[in-house]
Amino acid sequence: MTSLIPVPRRVVAGSGEVRLTGRSRLHAGTGTEGVGRWLRAVLWQATGLPLHEGREPDDTDADGIGLRLDPGLGCEEYRLVSDGTGVLVEGGGAAGVFHGAQTLRQLLGPDAYRKAPLDRNRVWTVPHVTIEDGPRFRWRGLMLDVARHFMPKDGVLRYLDLMAAHKLNVFHLHLTDDQGWRIEIERYPRLTEVGSWRARTKFGHRASPLWDEKPHGGYYTRDDIREIVAYAAERHITVVPEIDVPGHSQAAIAAYPELGNTDVDTASGDNSASGDGGSTRTALSVWDSWGISPHVLAPTDHTLRFYEGVFEEVLELFPSEFIHVGGDECPKDEWRRSPAAQARIRELGLADEDQLQSWFIRHFDTWLSARGRRLVGWDEILEGGLADGATVSSWRGYAGGIAAARAGHDVVMCPEQQVYLDHRQDDGADEPVPIGFVRTLEDVYRFEPVPSELTPEEADHVLGTQANLWTEVMEDHTRVDYQAFPRLAAFAEVAWSGLPAPEERDFAGFERRMRAHYERLDALGVGYRPPGGPRPWQRRPGVLGRPIDGPPPKR
Ligand code: ACM
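Here the structure is a predicted model, which means the values were calculated and not measured.

Asker: Got a sec to walk through the overall build of the protein? Specific residues and values, please.
Answerer: When its secondary structure is counted, the protein shows 18 helices and 21 strands. The globule rule puts the C-alpha radius of gyration for 555 residues at 24 Å, and the 24 Å found for the protein is close to it. By principal-axis analysis of the C-alpha atoms, the protein measures approximately 80 × 50 × 45 Å. The buried share of the protein, reckoned over its 555 residues, is 60%. Taking the contacts inside the protein whose residues are at least 6 apart along the sequence as the reference set, 72% of them involve residues at least 24 apart. Summed over all atoms, the accessible surface of the protein reaches about 20400 Å², with 51% contributed by carbon and sulfur.

Encoded structure:
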């Protein structure tokens, strides 16, 4: 029983095993050296086996490991053969070899995930097997919101390891929001000096009456970002940065007030105490509540030039083809009330505020395209007309993605009803985070990213799928672990494996394989939700214990 997750395309079991010992060698052929370094390092940590360099380019000893490219395979495809001549992992590209090496780690058993060997005298075995495998989708994403709660760099690196172990390959990093700005921008130091800290934090969902009366903050320096991007690249993960415009921008406006709609933002009131974002201009600060701030960017040339400056530095740090510009949940009320915004609408010959939002997004679509990048935004960017080159993250359901695919645009399917992993995973009274829809492990396993309404040509525009982790109610990595796992394992199987139609999926078989996978997660130190419900220390009393009556509370 190999209990692999995500399940490979084809597995043919043999009857013997390869025994790895202190004499075993690892040879990484041309183009696979990086994977060889990574594999030697993780196996050394877990097993204490030195895995010396193999002698010959194609050499695999009976007890050795060989890695090499096979141009006959697709870039992310791999073949793993374990037999009397050792273990050979071949991939179409280094990414394919890397995915095969991750499968090899699963075959070695849960202790292969440890940070230190439990028993240095242990004999490590790989069952004889032939595996042929490759991904269903090219975009297998996880979004992490580090704006609502900051995750220090080491936690991010750990999540990249967890993603790689599940063959996920796009890390969407939500870096800015009303509640915090998390990336150093050299030319605008106040974005982090002011924008990366808030005085206190709403405790629980947004209807909660409580605050945690402690400052919260943090940001990644340029060197931190370089390290994150390089660490991801070694694991064949692309980091897609998100800088949210023109809404979800209160932290930036708190740092540079001229980015806001200064002619209307004169309402008095303490934004901290009211919890609704209303404030005087001088009082506007990084938001300490959840929901959607009414304070949005002013549609001025100054704002455009400012954000071009931000994106210039972002492009220097992130090689990703795709750059996410947010575009979601931009309340139009300030623009309706602002004489300057209204004058701008007339000057640009636009019909309304929706078109003003489109104008904003189109500007950055053109700007990014001219620099060889592609814009991706949340599905609100459809309102008022979609920019020519834009790709859509379909989050409010499938509809935005369907409309975009029919109009010939690429789509990443991440409907909140299915794959928002901040939503609770059970209706039990001791479920710690009672926000949003109940979405169980089985619900996620039966999630289908390509809606049946699409023709095959339209479906080709679905680049893939993404699970999203918003962190309003996840203040540290243990809370993130609880929400993400085990559902991220089910999501990874949906994104990687060519599963049958949702109702035909073998959930019982998945649960059986999960027994072995929980042991891997234990070895990795992941604080997942156990099948029977939260452990005592994972429960949450008080306001977080039960949702308020009525529809599920949002964040
Ligand atoms: C979103 O959840 N506002 C993209």
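Asker: Mind laying out the packing of aromatic side chains, listing which residues take part and the relevant values?
Answerer: Counted under the stated rule, the structure contains 21 aromatic pairs. An angle of 50° between the planes, with centres 5.7 Å apart, marks the rings of Trp-378 and Trp-470 as tilted. Of the two residues, Trp-378 sits in strand β18 (residues 374-378) while Trp-470 sits in the loop between β21 (462-469) and α16 (477-484), which places them 92 residues apart along the sequence. Neither residue differs from the other here; Trp-378 and Trp-470 are each classed as buried. Relative to Trp-470, the ring of Tyr-420 lies with its centre 6.2 Å away and its plane at 50°, an arrangement referred to as tilted. In this pair, Tyr-420 is assigned in the loop between α13 (416-419) and α14 (441-445) and Trp-470 in the loop between β21 and α16, connecting sequence segments 50 residues apart. Considered together, Tyr-420 and Trp-470 belong to a single accessibility category, that of buried residues. Through a chain of ring-to-ring contacts, the aromatic side chains of Trp-181, Tyr-188, Tyr-256, Phe-306 and Tyr-307 assemble into a single cluster. The ring of Trp-124 has Arg-122 lying over it, and the distance from NZ or CZ to the ring centre is 3.8 Å.

Asker: With reference to specific residues and values, describe the pairing of strand β2 (residues 25-28).
Answerer: In the sheet, β2 pairs with strand β3 (residues 52-53) via 2 bridges, with the strands oriented parallel. Counted as the bridge partner of Arg-25 is His-52 from β3. Considered for its hand, the β-α-β crossover made up of β2, helix α1 (residues 33-47) and β3 is right-handed. Here β2 pairs with strand β4 (residues 65-69) via 3 bridges, running parallel. Note on β4: the bridge partner recorded for Ala-28 is Leu-67.

Asker: Residues and numbers for the sheet that holds strand β6 (residues 86-91), please.
Answerer: Reading across the sheet, the 7 strands line up as β1-β7-β5-β6-β4-β2-β3 and stay open at both edges, with mixed pairing between neighbours. Looking at the sheet topology across the chains shown, the edges are occupied by β1 (10-20) and β3. Note that strand β5 (residues 78-83) and β6 share 6 bridges and pair antiparallel. From the neighbouring strand, Tyr-78 faces β6, where its bridge partner is Gly-91. Across the sheet, helix α2 (residues 94-107) touches β4, β5, β6 and β7 (124-133), and the angle it forms with β5 is around 40°.

Cut-offs used in this document
- Residues numbered from 1 in each chain as written.
- Predicted model: local features only at pLDDT ≥ 70, side-chain atom pairs only at ≥ 80, totals over all residues.
- Heavy atoms only, no water.
- Helix = DSSP H or I, 4+ residues; strand = E, 2+ residues; numbered from the N terminus.
- Rg over C-alpha atoms; globule rule 2.2 N^0.38 Å.
- Buried < 20%, exposed > 50% of the residue type's maximum accessible area, 1.4 Å probe, protein only.
- Contact = heavy atoms within 4.5 Å.
- Areas by Shrake-Rupley, 256 points an atom, 1.4 Å probe, with all protein chains shown as cover.
- Phe/Tyr/Trp six-rings, centres within 6.5 Å; stacked < 30°, edge-to-face > 60°.
- Lys NZ or Arg CZ within 6 Å of the ring centre and 35° of its normal.
- Pairing = 2+ DSSP bridges.
- Right-handed = clockwise from strand over helix to strand, strands pointing away.
- Axes fitted to C-alpha atoms, helices over the stretch in contact; angles between N-to-C directions.

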